[in-house]
Amino acid sequence: MYFLLGWPRVFRLDTELSPAIISVTSFKDKRFFAILTKDGISIWLSKPTLQLVYHQRSENSVTLLGENVCAEWKDDSSRMAISTSRGYIIFFQLERDLSVSHLFHCADQRSSKKKESSELFFVNHRIPAIRMKQDCAIRISGGVQCMSQVRDDLFVSCGDGIIRKLSWDGSTSEKNNIAISSLPFCLDLDDQPRATLYRNKSVFVRQMQFCPLMGGLALVLSDGRAAFLIPQSIKFEPTQCRCVLAQAPGHESLQRSHLCLAANHRYRLIAYGCSSGEAILYYLDEVTGAMQVSHILVLPPEKFPETSKHTGPLSLLKWSPDESVLVVAWESGGFALWTAFGALLVCSLSGDFSMPNDACFLHLRSLEWAAEGYELWAVPADGGSEHFCILDFARSMTAVNYYGSPNDVVLLLTGDRLLVSLNESQNACSSSRGWLQVLLPPAYLSSNWPIRYASLDESGQCVAIAGRAGFAHCWLPSRRWKLFGNEGQEQNMAVTGSMAWWAEFVCLGCFDEQTQCNEIRLYSRHCKVDNLFAHSTRVPTLVSCVSVLRDLLVAYCSDNALRLFALRTVQADRAELLRLQEIALNYCVPHPYCVLAVLVTSLRAEPASPPGQSEPESILINCSGRLLFLARDRLVNAVPGRTPRSFTFSAATPIASCVEQVWCPRGGPQRAYLNNALWLDCGAAGIKVWLPLFGLDKSLSGFMAKRIMLQFKPEFYPLGIAVDDAELVGVQVEVSQYEGVPEPYCAIQRVKCVCLQHILRQLLRRNLGPHAFQVAQSCSDLPHFSHVLELLLHEVLEEEATSSEPLPDPLLPRVLAFVREFPHWRKTIAHCARKSEFAWWPHLFGVVGGARELFDECLRENDLETAAAYLLVLQNLEPPLLSRQLAARLLETSLEQYRWSLARELFRFLRAIDPEELHVDSPRGPTSPKDSSSFSFSRKASMALDLVPQRTRTHSRDKAPPLRRHSSGGSRESLGERADEFLDAILRKQVRAMLSGARLKELGAFGANLLSRERLVAMLRREEAYSVEHFPSALLRLHDEFGWPKPALVASGLPNRPLTSGYLLRTLSIHDDAASTNGDACDSGLLTPALAAARPLDALVLPLHPKEECSSHTTEESSTANESAETASNYSAADSDVILLPDLVPKGDSRAEQQLRYLFDVLLEGECFEWAFLVACALQEHHLISDLSAALLHHTSARKHIQQVCTHLDKGLAQLEEWVNAECLGYRMFIQHVRQWIEHLRRQLAQRHQAEAEDLSEHEDSALPTPPRDDQDEPQPDKADVQASTSNCRLS
């Protein structure tokens, strides 16, 4: 098929007069073009695009004969006829100008080393000089309406209703003229007895075209009727001609609206353009000869709702050279490309083509295809333009070479390069937009342009091309081409049919001009491209198609016969063909030109179950869009292990019509249904799949068909089928508009879409549920299988929910029952509902059940993500208060299972509920755009959820920020505060459950994922019940959660002697100073600044030496680990205690250590002193104990609370001492230090409370009235001195 590519190229006639262009026509071989002006004609070469000659008529000739109107070429391109406005036909003669060796001189600017080869290039491929001269001019009575060549004559339609037959030398005979008024008209050939003359005697032929394969002349009458003139002899005797009028049942308004026509001989179709902007395609019935409507080309209203009403009459029609694509142009502007059976490829009226009014191809008056359809020459219809433009196209090889590439690979060919789009596993070397661009070799293109055929091997690594002569192949990974070394061999061979790969051999049908023989040749890609390394087998007639499957080659020849050959390897790089059989097709094929493709396949009418190997089982023939199936009978005289020498085929059976492309996978047990199916592209009818039905119940197998034809319409025009992925592969044109350039730029991109849902839907509609389940089971491993089920459900729901009338047999219950067979069916229904219209939901849940019940089932099955999807549905179906309750249930469950991402989204969902709606009993209804923007299930949510506005972080000893907003008054603010309290209660409940279960790691993850550090600290401060019940169990749980090792014994023999209080006081004083210096660390998530900031070296804690006093020991900051180790070595091994050194404390993972330090800071700030104490014990770091002591001493809470904390710590320490002595002696030394710290802390707290009591009593005494004193004049002490003395008293 054809796809626009690049920018249009604009050309101007190389003349001084700048005449306006009327039309453009081409020679038969499409290499030369004639551009007609009002008073001249210009001949152009297509490749390269050059003007060769321009003939200017004299002013006298224009005055006497009239201006040029249209032109017609003779088949051999030696003569041309031009009609004029005054009823004349001027004949011109074209010939080669032998007086000029070449028209253009190409100078060689390259190095002298390449001069010889470049000169040879220009000598062999010089541009010819053409001479054009006027031969004669004859007058046609009645005026010339149109012209058409019929074999060796020129038919001219006149305005008086007569078709005159002229010779190319200008001679004519009146007895050969055909008068329209004397022709019998009928509706079909069986209606000849009732044939009558045309009632309108003034009617004439507006346009006509000869159709040799249909045996007649297609006509457009002046009254808008379409007719087909059928002669009984090839000479078109006037008395032996009759006309068949076209009938369009159900389209009576179109019967008299025909304006132009274009005949398609290969598909046996005739396209007529109508005044309504539509195109009607007719075909001739083989039995009755009537003109029947095949299909109508009309812009789809869903894509062109307004444009299709303003296109105007359809003025131009032109088939591509291979007759697979029809280009149409409208009188009001715009053009479109359609396939032969009505699939729209490109339309310039779409929104992508946003062209200004000065675009070169907005309004067209003439169109002509170049060779092989790579270019489209177009003439603008702006009246006085001397410009024309050329549109470049990329052509798919499936149009001319069905086995040109594997089924999942797209192969496009342009004028100078190949575009290969491989699958994902082979796409490593692809360039932009997923295409591998391979430039065609210039040495081959220079003499063999245009490229006619291309074929890719099964691996997608080697490609072969064939042009006017010879062929070449390329190894794609290295981009290295192999050409004929002997140019004579290349020019003597012309590929006449398609090419196919067999292993490393390329098989092609060709014609040898030297021997004048038709041959089938095999070339190895490992050898040189030379006839010495090729195997050739002669065939009697021209080879049109070649197909290969395993070791069998099938060639279709122009004598309407199939020839079967066996392929066999002779040597490493040589192979040979063995003749097997010849099958005549005269009974089913009207003409060899009508055969589009011949495929040998492993397809069987009765598929085996299970499927076996891909042996040749059938032959498919696409004849003018009608697919014929030749099934092979069982083998006769089969030789085991070798290709059989005899085949027996049944008669050809038509299995489909309107077929444009055929894909037949190789078969196999994997995805047996899809791999053993036949895939057909039928144009506007969409895709047809001839699916096998493997027997599931043997008792019913004899009553069921073995195959079934399913049909669906894809989103784009397919070019391949990826069976393993159950996807269709195609190409989409992307249009870009650039500033300052009126014409758009077109680029092509490979696209794909899933098609499995269409197959499942068609099977379920036909009550073939077991087969649909088997197909789905074979594809359940696909990554997009769940999406397939969603598409299946959504399409059926949309069709039935939007139906204006009740359906007698709804499909939705069957589809829902089918979806329930798969594990994630609830998720499929939820996603389908969320992507569907709100008005469809009652129809969906009326069949599947209530959304509330599905939500509860998801909670019971622990499928929280699906339950969240149903929550969005329930938000619109249930009152807001119930939606909030369900969301709260789901939130609590997600928090219990640590689904943080889901919990974040649920928080946003709850906060998005308007507090004023909580008292409304009716459902919320569809979410407005404003509401929908406030909440969405997105993974890009922030890592912290604050229920209150952000505030600056306070000091750890300050009061926590309040949890509720301080409203300025108003009901809405108070409702918002209650909503925040509702969420805050859920969070506090979860925090309480984590602390009661000693799940500190989960608490840290909870804070890091859902709350900011300030919110978590504030939440911990609000609760006073976060106490530890059993300290050893909590400590063990802490070790297990973080994978933190418990301390072990590192030495023995130390005396069991406690430390003195003076030593511990010095240790604590150091860390108190450090704590006061560092203050409260700034918040940084799990990695706190307490880790980043440098702390003083931990003081060494050692038992007192028996021979020394406490004063002899120092704990200065300059102490090092080496000194501590040396001190430890002085103890005798007979002592029974242990020594604990900082370097010998067991450490766990660094990440776990960061998390523990983060938790300590948070717990300390949140006044959870008992839990902070346990974290410090787990880390065994004394400076953390010092931080805890400082926090307790400077705490602003009541004395009763501090005493309770100390009491709990004392009890917990007693539990730890008992547990340490029994189970974990490694903690023994550290617990002893902690015991000393507890006693010291109690003394300090007692002193502080005594000082506070004294201050309070002094304040009370000062408040009492005092009698006047005599020493009132005595000076009073300064206020600053009083404060200083008070602080000194407290320190003492």
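Quick note: structure is the one above.
Each value, and the rule that gives it
Residues numbered from 1 in each chain as written. Predicted model: local features only at pLDDT ≥ 70, side-chain atom pairs only at ≥ 80, totals over all residues. Heavy atoms only, no water. Helix = DSSP H or I, 4+ residues; strand = E, 2+ residues; numbered from the N terminus. Buried < 20%, exposed > 50% of the residue type's maximum accessible area, 1.4 Å probe, protein only. Areas by Shrake-Rupley, 256 points an atom, 1.4 Å probe, with all protein chains shown as cover. Salt bridge = Lys/Arg side-chain N within 4 Å of Asp/Glu carboxyl O. Core = buried A, V, L, I, M, F, W, Y, C linked by side-chain atoms within 4.5 Å. Contact = heavy atoms within 4.5 Å. Axes fitted to C-alpha atoms, helices over the stretch in contact; angles between N-to-C directions. Parallel < 35°, antiparallel > 145°, perpendicular 65-115°, else oblique. Left-handed = near helix turned anticlockwise from the far one by under 90°. Nonpolar A, V, L, I, M, F, W, Y, C, P; charged D, E, K, R; others polar. Expected span 1.5 Å × (residues − 1). Pairing = 2+ DSSP bridges. Lys, Arg positive; Asp, Glu negative; His and termini not counted. Polar contact = N/O pair within 3.5 Å; in protein donor to acceptor, adjacent residues only side chain to side chain. Phe/Tyr/Trp six-rings, centres within 6.5 Å; stacked < 30°, edge-to-face > 60°. Disulfide = S-S within 2.5 Å.

A. Quick look at the overall build of the protein chain. Within the protein chain, the secondary structure is distributed over 29 helices and 57 strands. Sorting the 1292 residues of the protein chain into buried and exposed places 53% on the buried side. Carbon together with sulfur atoms contributes 50% to the accessible area of the protein chain, which is approximately 57800 Å² in total.

B. Structural view of the pattern of salt bridges. Applying the stated rule across the entire model yields 43 salt bridges. A salt bridge links D984 to R1015; the nearest nitrogen and oxygen atoms lie 3.6 Å apart. Of this pair, D984 sits in helix 17 (residues 971-996) while R1015 sits in helix 19 (residues 1013-1022), and the two are 31 residues apart along the sequence. Judged on exposure class, the residue D984 and its partner R1015 are both buried. Residues R1037 and E1041 are paired through a salt bridge, measuring 3.8 Å at the closest nitrogen-oxygen approach. You can see R1037 and its partner E1041 sitting in helix 20 (residues 1031-1042), four residues apart, about one turn around the helix. What makes E1041 buried here is its relative accessible area of 15%.

C. A look at the nonpolar core. Residues W679, L691, F845, L1000, F1006, W1171 and F1173 are the most contacted members of the largest nonpolar core, which totals 152 residues. In terms of residues, this core owes the most to one element, helix 25 (residues 1169-1179), which gives ten residues. Excluding residues within four positions of it along the chain, F845 makes contact with A833, G850, A851, L854, Y870, V873 and L877. Counting 35 residues, the second-largest nonpolar core is a separate cluster that includes L316, W435, L719 and V731.

D. Structural detail: the packing of helix 8 (residues 785-801) against helix 10 (residues 825-834). Between helix 8 and helix 10, whose axes approach to 9 Å, the crossing angle comes to 50 degrees. By the angle class used here, helix 8 and helix 10 are oblique. Handedness of the helix 8/helix 10 crossing: right-handed. Across from L789, E790, L793, H794 and L797 in helix 8, the residues of helix 10 making contact are T828, I829, H831 and C832. Class assignment of the residues belonging to the contact of helix 8 with helix 10 gives a composition of five nonpolar, three polar and one charged.

E. Structural detail: unusual backbone geometry. Here K47 and P48 are connected by a cis peptide whose omega angle stands at -5 degrees. Assignment of secondary structure puts P48 in the loop between strand 5 (40-45) and strand 6 (50-56). For the bond running from W449 to P450, omega is 5 degrees, close enough to zero to count as cis. With respect to the helices, strands and loops of the structure, P450 is situated in the loop between helix 3 (442-448) and strand 35 (453-456). At Q516, a position not held by glycine, the phi torsion is positive, near 55 degrees. Note that Q516 resides in the loop between strand 40 (505-512) and strand 41 (517-524).

F. Examining helix 13 (residues 864-877) more closely. For helix 13, built from 14 residues, the straight-helix expectation of 20 Å at 1.5 Å per residue is met to within 8% by its first-to-last C-alpha distance of 19 Å. Among the 14 residues of helix 13, twelve are classified as buried, and the element is accordingly described as predominantly covered. Buried within helix 13 are the following residues: L864, T866, A867, A868, A869, Y870, L871, L872, V873, L874, Q875 and N876. Of the surrounding secondary structure, the elements contacted by the buried residues of helix 13 are helix 10, helix 11 (841-848), helix 12 (851-860), helix 14 (880-896) and helix 15 (900-912).

G. Broad picture of the pairing of strand 6. As paired elements, strand 5 and strand 6 share six bridges and run antiparallel to each other. Counterpart to S42 in the pairing with strand 6 is Y54.

H. Region of the structure containing the sheet that holds strand 40. Strand order in the open sheet made by the four strands is 39-40-41-42, with antiparallel pairing throughout. Lying at the two open borders of the sheet, with one neighbouring strand each, are strand 39 (493-502) and strand 42 (535-539). Averaged over all pairs of adjacent strands, the angle between their axes in this sheet comes to 20 degrees, without regard to strand direction. As defined by bridge partners, strand 39 adjoins strand 40 across seven bridges and the pair is classed as antiparallel. What sits directly across from A500, in strand 40, is C507.

I. Inspection of the packing of helix 12 against helix 13 at higher detail. Running from N to C, helix 12 and helix 13 cross one another at 160 degrees; their axes reach a closest spacing of 9 Å. Between helix 12 and helix 13, the crossing angle belongs to the class labelled roughly antiparallel. When the axes of helix 12 and helix 13 are compared, the crossing they make is left-handed. Within the contact between the two elements, helix 12 uses A851, R852, L854, F855, C858 and L859 and helix 13 uses L864, T866, A867, Y870, L871, V873, L874 and L877.

J. Molecular detail of the sheet that holds strand 43 (residues 543-549). Read across the sheet, four strands follow the order 43-44-45-46 without closing on themselves; strand pairing throughout is antiparallel. In the strand order of this sheet, the two ends are held by strand 43 and strand 46 (574-584), each with one partner. Geometrically, the sheet is characterised by an average inter-axis angle of 25 degrees between neighbouring strands, direction not taken into account. Relative to strand 44 (residues 552-557), strand 43 runs antiparallel, the two being bridged by six bridges. Each residue of the ladder has a partner; that of V546, found in strand 44, is A555.

K. Representation of the side chain of E660 within the structure. Along the chain, E660 turns up in the loop between strand 50 (653-656) and strand 51 (661-663). No salt bridge is formed by the buried E660. Its closest oppositely charged neighbour is K688, at 11 Å. At 2.7 Å, the side chain of E660 forms a polar contact with the side chain of Y717.

L. Here's a closer look at the packing of aromatic side chains. Counted by the stated rule, this structure contains 34 aromatic pairs. Relative to Y745, the ring of Y738 has its centre 6.5 Å away and its plane inclined at 75 degrees; by these criteria the two rings are edge-to-face. Here Y738 falls in the partly exposed class, since its relative accessible area comes to 42%. On the basis of relative accessible area, Y745 is assigned to the partly exposed category, the value being 27%. When the centroid spacing of 5.4 Å and the interplanar angle of 70 degrees are considered together, the rings of F818 and F822 count as edge-to-face. Since its relative accessible area comes to 5%, F818 is described here as buried. Assessed through its relative accessible area of 6%, F822 is described here as buried. Ring-pair connections join several aromatic residues into one group, and the members of that group are F11, F33, W44, W377 and F388.

M. Looking closely at the state of the cysteines. Following the criterion strictly, the structure yields zero disulfides and no others. Free of any disulfide, C158 has its nearest neighbouring cysteine sulfur in C146, separated by 9.1 Å.

N. Summary view of the environment of F505. Turning to its location among the elements, F505 is positioned in strand 40. C-alpha separation for the pair F505 and Y523, spaced 18 residues apart in sequence, amounts to 5.3 Å. Here F505 is in contact with A500, Y523, S524, D573, R574 and A575, once residues within four sequence places are set aside.

O. Structural context of the environment of T802. Within the element layout of this structure, T802 appears in the loop between helix 8 and helix 9 (812-819). Residue class for T802 comes out partly exposed when judged on its relative accessible area of 49%. Residues T802 and A839 lie 37 residues apart in sequence; the distance between their C-alpha atoms is 9.2 Å. In this structure, T802 is in contact with L797 and W840, ignoring residues within four places of it in sequence. A distance of 2.4 Å separates the side chain of T802 from the backbone oxygen of E798, its partner in a polar contact.

Function cannot be inferred from these measures alone, as they are strictly geometric.
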